[in-house]
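# Observations on chain architecture
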Amino acid sequence: MIKLNIEGIGEFEFEDGITLKEIIEALKEDHKKIKKQEKEIVGAKLGDDIIDVHTPIRKSGNLKLLTKKDKDSLEILRHSLAHIMAQALKELYGDKNVHLGIGPTTEVGFFYDVEVEGKRLTEEDLPIIEEKMKEIISRNYDIVREELPREEAIKFFEDKKEFYKVELIKHDIPEGEPISVYKQGEFVDLCRGPHIPTTGYAPFAFKLFNIAGAYWKGKEGNPMLQRVYGVAFWAEKELKKYLNMLEEAKKRDHRKIGKELELFIIDEDVGGGLALWLPKGAIIRNEIETDWKNEHIKRGYQLVYTPHVGKEGLWQTSGHVNFYRENMFPEMQIEEEGYFVKPMNCPFHVEIYKSRQRSYKELPIKLAELGTVYRYERSGVLHGLMRVRGFTQDDAHIICREDQVDEEIRKVLEFAIETLKKYGFEEFQVFLSTRPEKSVGDDRMWEVATNALRKAIESVGLEYDIDEGGGAFYGPKIDVKIKDAIGRMWQCSTIQFDFNLPERFDMYYIGEDNKRHRPYMIHRAIFGSIERFIGVLIEHYAGLLPLWLAPIQARIIPIADAHIPYAKEVEQKLKEAGLRVEVDERNERMNKKIRDAELQKIPYMLVVGDKEWQTGTVSVRTKKKGNMGVFTIDEFKERAKKLIEEKSLEL
RNA sequence: GCUGGCGUAGCUCAGUCGGCAGAGCAGGUGAUUUGUAAUCACCAGGUCGUGGGUUCGAGUCCCACCGCCAGCUCCA
């Protein structure tokens, strides 16, 4: 017997191996709540596992019934859609020609990795497959779960020429675990579930949207299967919302906007993944970097500069030559000595720390640098500014005593969150990664460090997930992701303990006891990479950056040529106040000039004609607010200066 | 790197069955002097990614290479 505590209903005892379907059947007469929801129940959550109505329940625990309203129920729908797609493929291209790989769910839908003998799937096939899927859905097959003995399962899938499934049974399912298959009509698939009750468990909405290569089991060298992607939601509305988001993402693509607004280029003559900052992009970057430096100095960091290359021995000591080499540009030989371009800044900062003997009194030492590093990335992974081969880390290393760890970590995290908020990001995802199996450093250090990280997150009041064993071999870490305007998450800040480099470089300080002590060392970055962060900013704001970052803050638009002298007078006054302004002197109509300024995402348009000339004013228009009315030059100047000073997101 | 798709004017893109290389925008010149998202006319602009091949003839078909895009893998 097993004991199940059904949320909101009560505690019950059942036969071992009972299914959810049977439970509902048994309880519905006595429990109105279940009866009412009977048709709505898609599955349940047993502890942390999502189960369907078909699966025998063999352990006791908390059971939460899932209806379409629960987000977790999507998991079940999406999983089934992967099966329905597989069935569609088999019906279209022949049962024995289609070899199935794996078909899991994703954040927004599902995919199935398949190999279709004698056929390469293309985008044009997607509508055809969709049609077939709809047909299967309308047939409304019962979905049936069965368990097979291992040998029988292997034979069954061998007969069906499902070589990949056979491999899964042989290598990935541990002996003794039940081998389950799900049937719907003629279609049978190896699967542990969960699945919806029938294929026609409508209403739901889905769409196939992409097709791409994927290695079997994600391993290079294995055969490449074709991965067909789908999106799925219960409601049509949700699906549309997601498809709109994709459209919106396309519009905001920083590579497109970067080109249109002349912010940066990546030139094939220079090389992939190596960005050239155009003057306008350089203004954005300079504003960010200047602010970054000021904020660091304010918080007791010391700025340093280090070279772009260093001798081989340094990278030997740091361990990079042995453990990071595949990400480094190849060695160069200079006068019989090997040199490497730096993939990280840490060894240099360590050498700066070691440039003289340190006393416990001067700790913490916080060395900060906008350090440009170069890493070899395979050509296929490069992506605009988000993934490059040369990038600038907003790097710092905090070297401190054990008694300072808690406070320093808390300060770093507060600093990071405060900074990200300043740029308009409000939602964060925080991950705490703990000690992996293979690691260096003693237990005590791991404990002190991990606790410090946890306490910091809690004191800042953020929710967080723990990635158990997900830390680097050299120390635990916190990662912070930010949510952009259309809901995507981006990795930014990282705070990482390092128990490895202090050992390797024999870093120490002289303590109160006049003895040598090993300091704690913390790597941290707020933006992660300046390039990526600016890429994210561009997409977050769709190019319409906050005033203080805008390359051109105001464009003055004379209505006719006669107003150019006055426009230049306005320009002069605003420039003297430190604003980045320009006059549109072209012989074009005002409407055209406004349109072009809008397309260039210039925050302010200052229209000047006879009226403004006579009264010493400007007519202010912004993208966000439209026509804001007439301001005197001084009024506008003060308003803009104040917003810039405050780094306001307003106009 | 791998799989697939795509490379035509500065940009965005058309180019049918292999038969004289096109449009819009941007740029130049001129006209016009304009009140909150595109004034008009004219001009200039091309080794059709690169190199080979098939053909009387290649932007178009074939091969190799380079680059870009999506995904895999990896990651700041």
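Everything numeric in this text was worked out from a predicted model, so none of it was measured.

## Topic: the packing of helix α13 (residues 405-422) against helix α14 (residues 443-460)
- At their nearest, the axes of α13 and α14 sit 8 Å apart, and the two run at 45° to each other. What the angle tells us is that α13 and α14 run oblique. α14 is crossed by α13, and the crossing has right-handed handedness. Across from Val405, Asp406, Ile409, Arg410, Leu413, Glu414 and Ile417 in α13, the residues of α14 making contact are Val448, Ala452, Leu453, Lys455, Ala456, Ile457, Ser459 and Val460.

## Regarding the protein's contact with RNA strand B
- In the region of RNA strand B, 50 residues are neighbours, and Ser379, Arg387, Asn587, Glu612 and Ser619 sit closest.
- Considering RNA strand B, the proportion of its atoms within 4 Å of the protein that are sugar or phosphate atoms stands at 47%.
- At 2.9 Å from a base nitrogen of RNA strand B is found a side-chain nitrogen or oxygen belonging to tyrosine 215.
- Lysine 259 has a polar side-chain atom sitting 3.1 Å from a phosphate oxygen of RNA strand B.
- At the level of elements, β11 (205-215), β12 (224-233), α8 (254-260), α18 (590-599), α19 (610-615) and β31 (617-622) are the ones that each hand at least two residues to the surface near RNA strand B.

## Quick notes on a nonpolar patch on the surface
- A cluster of nonpolar side chains, contributed by Ile265, Val270 and Leu276, occupies part of the molecular surface with about 210 Å² of accessible area.
- Mapped onto the fold, valine 270 is located in the loop between β13 (264-266) and β14 (275-277).

## Considering the packing of aromatic side chains
- The tally for this structure, following the rule as stated, stands at 23 aromatic pairs.
- Arranged with centres 6.0 Å apart and planes meeting at 55°, the rings of phenylalanine 209 and tyrosine 229 form a pair that is tilted. Of this pair, phenylalanine 209 sits in strand β11 while tyrosine 229 sits in strand β12, placing them 20 residues apart in sequence.
- For tyrosine 229, a relative accessible area of 23% puts it in the partly exposed group.
- Note on tyrosine 604 and phenylalanine 636: the rings are 4.9 Å apart at their centroids and 85° apart in plane angle, and the pair reads as edge-to-face. With tyrosine 604 in strand β30 (residues 604-608) and phenylalanine 636 in helix α20 (residues 633-645), the pair connects residues that are 32 residues apart, well separated along the chain.
- On the basis of relative accessible area, tyrosine 604 is assigned to the buried category, the value being 1%.

## Thoughts on the pairing of β12
- Here β12 lies mainly inside the structure; 8 of its 10 residues are buried.
- Bridge count for strand β7 (residues 109-116) against β12 is 6 bridges, and the pairing is antiparallel. Bridge pairing in β12 links glycine 109 to valine 231.
- Direction of pairing for β11 relative to β12: antiparallel, over a ladder of 10 bridges.

## Considerations on the domain arrangement of chain A
- Domain parsing of chain A yields domain 1 (2-66), domain 2 (73-249), domain 3 (274-302 + 343-371 + 396-540) and domain 4 (554-645).
- Each of domain 2 and domain 3 has a C-alpha centre, and the two are 42 Å apart.

## A closer look at the pattern of salt bridges
- Summed over the entire model, instances satisfying the criterion amount to 64 salt bridges.
- With its nearest N and O atoms 2.7 Å apart, the salt bridge here joins arginine 139 to glutamate 135. Residue arginine 139 and its partner glutamate 135 are both found in helix α4 (residues 125-139); the two are separated by 4 residues, about one turn of the helix.
- A residue is classified by how much of its surface remains accessible, and arginine 139, at 31% relative accessible area, is partly exposed.
- With relative accessibility at 37%, the residue glutamate 135 sits in the partly exposed group.
- In this structure, lysine 217 engages glutamate 167 in a salt bridge whose closest nitrogen and oxygen atoms are separated by 3.5 Å. Of this pair, lysine 217 sits in the loop between β11 and β12 while glutamate 167 sits in helix α6 (residues 163-172), and the two are 50 residues apart along the sequence.
- Relative accessible area serves as the criterion here: at 32%, lysine 217 is assigned to the partly exposed category.
- Taken together, the shared-partner salt bridges connect Asp291, Glu295, Lys298, Arg299, Glu418, Lys422 and Lys647 into one network.

## Points about the side chain of asparagine 500
- For asparagine 500, the location among the structural elements is in the loop between β24 (489-497) and α15 (501-504).
- Residue classification places asparagine 500 among the buried positions, given a relative accessible area of 12%.
- Dropping the residues within four chain positions of it, asparagine 500 is found in contact with Ser318, Val440, Phe473 and Tyr474.

## Some remarks on helix α1 (residues 20-27)
- All buried positions along α1 are accounted for by Leu20, Ile23, Ile24 and Leu27. End-on, the buried residues of α1 take up no more than an arc of 100°, which puts them together on one face.
- The inward-facing, buried residues of α1 abut β1 (2-6), β2 (10-14), α2 (32-37), β3 (41-46), β4 (49-52) and β5 (61-67).

## Here we look at the sheet that holds β3
- One open sheet accounts for 5 strands, arranged β2-β1-β5-β3-β4; its pairing is mixed. Either end of the sheet is taken by a strand with one partner, and the two such strands are β2 and β4. Each neighbouring strand pair of the sheet contributes to a mean axis angle of 35°, computed without reference to strand direction.
- Judged from the 4 bridges that link them, β3 and β4 form a sheet pairing that is antiparallel. In the sheet register, alanine 44 faces β4, and the bridge partner there is isoleucine 51.
- Sitting on the sheet, α1 touches β1, β2, β3, β4 and β5, and the angle it makes with β3 is about 105°.

## A word on the environment of proline 546
- Locating proline 546 in the fold gives a position in the loop between α16 (530-540) and β28 (554-558).
- A relative accessible area of 5% places proline 546 in the buried class.
- Sequence spacing of proline 546 and leucine 649 is 103 residues, and the spatial spacing of their C-alpha atoms is 5.0 Å.

## A word on empty space enclosed by the protein
- Evaluation of the coordinates by the stated rule reveals 2 cavities of 30 Å³ or more.
- The calculated volume of the largest cavity comes to roughly 120 Å³.
- Looking at the largest cavity, it is lined by 13 residues, and the ones nearest its centre are Leu261, Pro551, Ile552, Gln600 and Lys601.
- In this model, the second largest cavity occupies a volume close to 40 Å³.
- As for the second largest cavity, its lining consists of Asp291, Trp292, Glu295, His296, Phe415, Thr419, Lys422, Tyr423, Ile526 and Phe527.
- Elements with a contribution of two residues or more to the lining of the second largest cavity: α9 (279-298) and α13.
- Looking at the lining of the second largest cavity, its residues break down into 5 nonpolar, 2 polar and 3 charged.

Conventions and cut-offs
Residues numbered from 1 in each chain as written. Chains lettered and ligands numbered in written order. Predicted model: local features only at pLDDT ≥ 70, side-chain atom pairs only at ≥ 80, totals over all residues. Heavy atoms only, no water. Axes fitted to C-alpha atoms, helices over the stretch in contact; angles between N-to-C directions. Helix = DSSP H or I, 4+ residues; strand = E, 2+ residues; numbered from the N terminus. Parallel < 35°, antiparallel > 145°, perpendicular 65-115°, else oblique. Left-handed = near helix turned anticlockwise from the far one by under 90°. Contact = heavy atoms within 4.5 Å. Near = heavy atom within 4 Å. Polar contact = N/O pair within 3.5 Å; in protein donor to acceptor, adjacent residues only side chain to side chain. Patch = residues over 30% accessible without salt bridge, like charges linked within 9 Å, V, L, I, M, F, W, Y side chains within 5 Å. Areas by Shrake-Rupley, 256 points an atom, 1.4 Å probe, with all protein chains shown as cover. Salt bridge = Lys/Arg side-chain N within 4 Å of Asp/Glu carboxyl O. Phe/Tyr/Trp six-rings, centres within 6.5 Å; stacked < 30°, edge-to-face > 60°. Buried < 20%, exposed > 50% of the residue type's maximum accessible area, 1.4 Å probe, protein only. Pairing = 2+ DSSP bridges. Domains from an automatic or database assignment. Arc of directions from axis to C-beta. 1 Å grid on protein atoms, 1.4 Å probe; cavity = no way out; pocket = protein on both sides within 12 Å on 5 of 7 lines; lining within 4 Å. Points joined across faces, edges and corners; volume = space filled by probe spheres on them. Nonpolar A, V, L, I, M, F, W, Y, C, P; charged D, E, K, R; others polar.

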